[in-house]
Amino acid sequence: MALVTAKELLTPKPQGRAVGAFNVHNMEDVQAVIFAAEEMGTPVIVMASESALKYAGVAFIARLVQTAAEQVSIPIALQLDHGQDLDLLKACIDHGFTSVMIDGSRLPFEENVAVTREVVELAHAHGVSVEAELGRVGGKEDDISVAAHEAFLTDPDQAVEFVERTGIDVLAPAIGTAHGLYKGIPKLDFPRLKEIASKVDVPLVLHGGSDLSVEVLHETIRSGISKINIGTDLKYATTNGIKAYLEENPAEFEPRKVFAAARESARTLVLEKLRLLSIPEHGN
Ligand code: G3H
Ligand code: ZN
C-alpha cells in the first residue's frame, strides 16, 4: 500500500486500542516493524528521529519504508520524530514522509505556537499531517524536582488554545513520561491526561512509551491516548539480539547472520508491543 498520514490512522477517541509508533534506524528495523505489523494485521507508524536521519539519510529511510509498505496490505505512516531543524523537516516532506512532528516544546509558549503554525501551513500544503508537543516530556538525563516536574506537564486549557491556534492534527502532551529507561516508578498524571482528552478534539500521543508496564499502557489508552511511541525498547531488542547471537556464535563473521539476529529480535519485540496496545476487555 502507499503510505498514509498518521492523522488517517488515529482517532481522538481510542476504543481500547492505540496505534504503535516505532523509531527506526536502518533496513533491519524498518523490516522488523512493518513485517511484524503485517503479521498482526494492524496499522503502524514508522518514525525516524533527526539523529536517525543524520545517520541513515532521509532518502534511504524514505525509500526503505516506501518499499516495505508496498509489500504489505496494512496502512503505514512515515513520520519525522521530534523535528526541530526546519530544513531537515522540509527534506522529509520532499522525500515523501507523510507526517512530521515539530517539537517546539523547549520554546516559550508563543514561540512554540509560531513555529508549529508555520510547520502546519507548510505540511498541510503538501498533504502531510503534523504532530506537536506542548509541555516537556522528560529525558533520561533529567533529574529534576517534583515542583519542576509538574511545571513541565501540559496545562489542559493551554492545550486547547495550542491546538486551536496551530491547527495541528495530533498533540503530544507531557503527562509524566520520559524518554529512555525509567530510574524509578514513573508517575503519570492520569487525571490531567483525561482532562486534556476531554477538552481537545485531536488524537493524543504518549511519548516515552518504553519500559512501561502493561497496566500503565492500558490506563493511558483508557484515558485517551491514541498513539504510543516506542524507541528505547526497540534499541535494546536490536542490540541484545546481536549480543546473544555473537555469544552463541563467537566465530561468526557473516554480517547477514548478525543483522538477521538483530532483525528477528526487533520483530519479536514489535509483535509483543503491538499485542499490548490492544486491551482485551474491549474485545480487541
Ligand atoms: O519520540 C519517541 C518516543 O517518545 C520514544 O521514547 O525511547 O522512551 O520509548 P522511548
Ligand atoms: Zn518522544
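(A) Summary view of the overall build of the protein chain. What the protein chain contains, in helices and strands, is 12 helices and 8 strands. The C-alpha radius of gyration of the protein chain comes to 18 Å, within 12% of the 19 Å expected for a compact globule of 284 residues. Dimensions of the protein chain, computed from the C-alpha atoms along their principal axes, are close to 60 × 40 × 40 Å. For the protein chain, with 284 residues in total, the buried portion stands at 54%. Taking as baseline every contact in the protein chain between residues at least 6 positions apart, the subset at least 24 positions apart corresponds to 75%. Accessible surface, the protein chain: about 12,800 Å² in total, of which carbon and sulfur atoms supply 54%. The positive charge centre, built from 26 side chains, and the negative charge centre, built from 41, are 2 Å apart in the protein chain.

(B) Inspection of the site of ligand 1 at higher detail. Lining the immediate environment of ligand 1, one finds 14 residues, of which D81, G208, S210, G231 and T232 sit closest. Residue H82 places a side-chain N or O atom 3.1 Å away from an oxygen atom belonging to ligand 1. One of the side-chain nitrogen or oxygen atoms of S210 is found 2.5 Å away from an oxygen atom of ligand 1. Contact with the protein chains hides 94% of the accessible area of ligand 1, taken as 300 Å² for the molecule alone. Secondary structure elements with two or more residues in the shell around ligand 1: strand 3 (76-83) and strand 8 (225-230). Considered class by class, the residues forming the shell around ligand 1 number 2 nonpolar, 11 polar and 1 charged.

(C) Seen up close, the nonpolar core. The biggest cluster of nonpolar side chains holds 74 residues, and the ones touching the most others in it are I76, F97 and L171. Excluding residues within four positions of it along the chain, F97 makes contact with A48, L53, V58, I61, A62, L78, Q79, L80, C92 and V128. Core analysis: the next-biggest nonpolar cluster, separate from the first, contains 13 residues, V19, I45, M47 and M101 among them.

(D) Examining the packing of helix 2 (residues 27-40) against helix 12 (residues 255-276) more closely. The geometry of helix 2 relative to helix 12 is characterised by a closest axis approach of 8 Å and an angle of 40 degrees between their N-to-C directions. Considering their axes alone, helix 2 and helix 12 lie oblique with respect to each other. In the packing of helix 2 onto helix 12, the handedness of the crossing is right-handed. Along the contact surface, helix 2 presents E28, Q31, A32, V33, A36, A37, E39 and M40, while helix 12 presents F259, R263, A266, R267, V270, L271, L274 and R275.

(E) Region of interest: the coordination of the zinc ion (ligand 2). For the zinc ion (ligand 2), every protein donor is listed as H82 (NE2), H179 (NE2) and H207 (ND1), and the spread of their distances is 2.1 Å. Here the donor residues of the zinc ion (ligand 2) share one chain and are spaced in sequence as H-x96-H-x27-H. Of this pair, H179 sits in the loop between strand 6 (170-173) and helix 9 (190-199) while H207 sits in the loop between strand 7 (204-206) and helix 10 (214-222), placing them 28 residues apart in sequence.

(F) Looking closely at the packing of aromatic side chains. Under the criterion given, the structure shown has 1 aromatic pair. Ring centres of F109 and F162 lie 6.2 Å apart, and the angle between their planes is 50 degrees; on these two criteria the pair is classed as tilted. Here F109 is found in helix 6 (residues 109-125), whereas its partner F162 is found in helix 8 (residues 156-166), with 53 residues between them in sequence. Considered together, F109 and F162 belong to a single accessibility category, that of buried residues. Taking the ring centre of F152 as reference, the NZ or CZ of R136 above it sits at 4.4 Å.

(G) Molecular detail of unusual backbone geometry. The phi angle at H82 is positive, at roughly 50 degrees, despite the residue not being glycine. Turning to its location among the elements, H82 is positioned in strand 3. The residue D211 is not glycine, and still its phi comes out positive at about 65 degrees. Looking at the element boundaries, D211 is found in the loop between strand 7 and helix 10.

Parameters and conventions
- Residues numbered from 1 in each chain as written.
- Chains lettered and ligands numbered in written order.
- Predicted model: local features only at pLDDT ≥ 70, side-chain atom pairs only at ≥ 80, totals over all residues.
- Heavy atoms only, no water.
- Helix = DSSP H or I, 4+ residues; strand = E, 2+ residues; numbered from the N terminus.
- Rg over C-alpha atoms; globule rule 2.2 N^0.38 Å.
- Buried < 20%, exposed > 50% of the residue type's maximum accessible area, 1.4 Å probe, protein only.
- Contact = heavy atoms within 4.5 Å.
- Areas by Shrake-Rupley, 256 points an atom, 1.4 Å probe, with all protein chains shown as cover.
- Lys, Arg positive; Asp, Glu negative; His and termini not counted.
- Charge placed at Lys NZ, Arg CZ, Asp CG, Glu CD.
- Near = heavy atom within 4 Å.
- Polar contact = N/O pair within 3.5 Å; in protein donor to acceptor, adjacent residues only side chain to side chain.
- Nonpolar A, V, L, I, M, F, W, Y, C, P; charged D, E, K, R; others polar.
- Core = buried A, V, L, I, M, F, W, Y, C linked by side-chain atoms within 4.5 Å.
- Axes fitted to C-alpha atoms, helices over the stretch in contact; angles between N-to-C directions.
- Parallel < 35°, antiparallel > 145°, perpendicular 65-115°, else oblique.
- Left-handed = near helix turned anticlockwise from the far one by under 90°.
- Donors = N, O, S within 2.8 Å, 3.2 Å for Na, K, Ca; no water.
- Phe/Tyr/Trp six-rings, centres within 6.5 Å; stacked < 30°, edge-to-face > 60°.
- Lys NZ or Arg CZ within 6 Å of the ring centre and 35° of its normal.

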